[in-house]
Every structure is written in structure tokens, then in C-alpha cells.
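Listed below, chain by chain, are the residues.
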Amino acid sequence: MRLVARTIAALIVLTLIGLMLAPVPSMDVQISSMDKLAHAGAFTAIPICLAILFPFGRLSTLAVVSLLLGRPLS
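Values in this document were obtained by computation on a predicted structure and should not be read as measured data.

A word on a nonpolar patch on the surface. Taken together, the side chains of Val-4, Ile-8 and Ile-12 make up a nonpolar region of the molecular surface, amounting to roughly 240 Å² of accessible area. Residue classification places Ile-8 among the partly exposed positions, given a relative accessible area of 46%.

Below, the structure written as C-alpha cells:
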């Protein structure tokens, strides 16, 4: 059961990282409230998944990794 949870958590984190690094077609798109909700869900899932992947990791280290993943590249 633990292996299944870790596998799912790893897939979620890798998918979110892939989506964050994907090119954006155009910035002329109107930002809707659904976009904000999707971002909130994604950036809530990252620390939860990291805590599942590294259950004995220090909470401060997991928080720093989560913040670095959410930082804009430019």
C-alpha cells in the first residue's frame, strides 16, 4: 500500500513539474477563476506529495523544496 501511495505521489509531482515547464502558447488569454483554483490545487498537492515521498524528511526542507518549485523561472 505504501508503494502505491509513493508511486501515485511521484507521478503527480512529475506531472505538475512537466506542466510547469511546458511552453505557454500566448499570454493574451483571460485568466479565469478556474485558473486560480487549478493553481491552488496544484500547489497544495506538491507539499502533500513530497511529504508522502519523504515521510522522514524535515518539514522545513520540504517547505523550501515546495517554494522553489513554485518560483517563476524568469
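Let's pick the thread back up.
With that settled, the discussion passes to helix α2 (residues 33-53). With 21 residues, α2 should cover 30 Å at 1.5 Å per step; its first-to-last C-alpha distance of 30 Å lies within 8% of that length. For α2, every residue scored as buried is listed here: Ala-42, Ile-46, Cys-49 and Leu-50. Looking straight down α2, one finds its buried side chains confined to an arc of 95°; they lie on one side. The exposed set on the far side of α2, more than 90 degrees from its buried face, consists of Ser-33, Met-34, Lys-36 and Leu-37. Buried residues along α2 sit in contact with α1 (2-21) and α3 (59-70).

On to the nonpolar core, then. Counting five residues, the largest nonpolar core is built from Leu-16, Ala-42, Ile-46, Leu-50 and Leu-62. The leading source of residues in this core is α2, at three residues. Those residues in contact with Leu-16, other than ones at most four positions away along the chain, are Ala-42, Ala-45 and Ile-46.

Looking at where Arg-2 falls in the secondary structure, it is placed in helix α1. Between the alpha carbons of Arg-2 and Leu-53 there is a distance of 9.6 Å; along the sequence they are 51 residues apart.

The next thing to look at is the packing of α1 against α2. The description of two helices packed together rests on the angle between their axes and the distance between the axes. Closest axis-to-axis distance for the α1/α2 pair is 9 Å, and the angle between their directions is 140°. The angle between α1 and α2 falls in the class oblique. α1 and α2 meet at a crossing whose hand is left-handed. Of α2, the residues touching α1 (which contributes Ala-5, Arg-6, Ala-9, Ala-10, Ile-12, Val-13, Leu-16 and Met-20) are Ala-42, Phe-43, Ala-45, Ile-46, Cys-49, Ile-52 and Leu-53. Of the residues assigned to the contact of α1 with α2, the class counts are 14 nonpolar, no polar and one charged.

Cut-offs used in this document
Residues numbered from 1 in each chain as written. Predicted model: local features only at pLDDT ≥ 70, side-chain atom pairs only at ≥ 80, totals over all residues. Heavy atoms only, no water. Patch = residues over 30% accessible without salt bridge, like charges linked within 9 Å, V, L, I, M, F, W, Y side chains within 5 Å. Areas by Shrake-Rupley, 256 points an atom, 1.4 Å probe, with all protein chains shown as cover. Salt bridge = Lys/Arg side-chain N within 4 Å of Asp/Glu carboxyl O. Buried < 20%, exposed > 50% of the residue type's maximum accessible area, 1.4 Å probe, protein only. Helix = DSSP H or I, 4+ residues; strand = E, 2+ residues; numbered from the N terminus. Expected span 1.5 Å × (residues − 1). Arc of directions from axis to C-beta. Contact = heavy atoms within 4.5 Å. Core = buried A, V, L, I, M, F, W, Y, C linked by side-chain atoms within 4.5 Å. Axes fitted to C-alpha atoms, helices over the stretch in contact; angles between N-to-C directions. Parallel < 35°, antiparallel > 145°, perpendicular 65-115°, else oblique. Left-handed = near helix turned anticlockwise from the far one by under 90°. Nonpolar A, V, L, I, M, F, W, Y, C, P; charged D, E, K, R; others polar.

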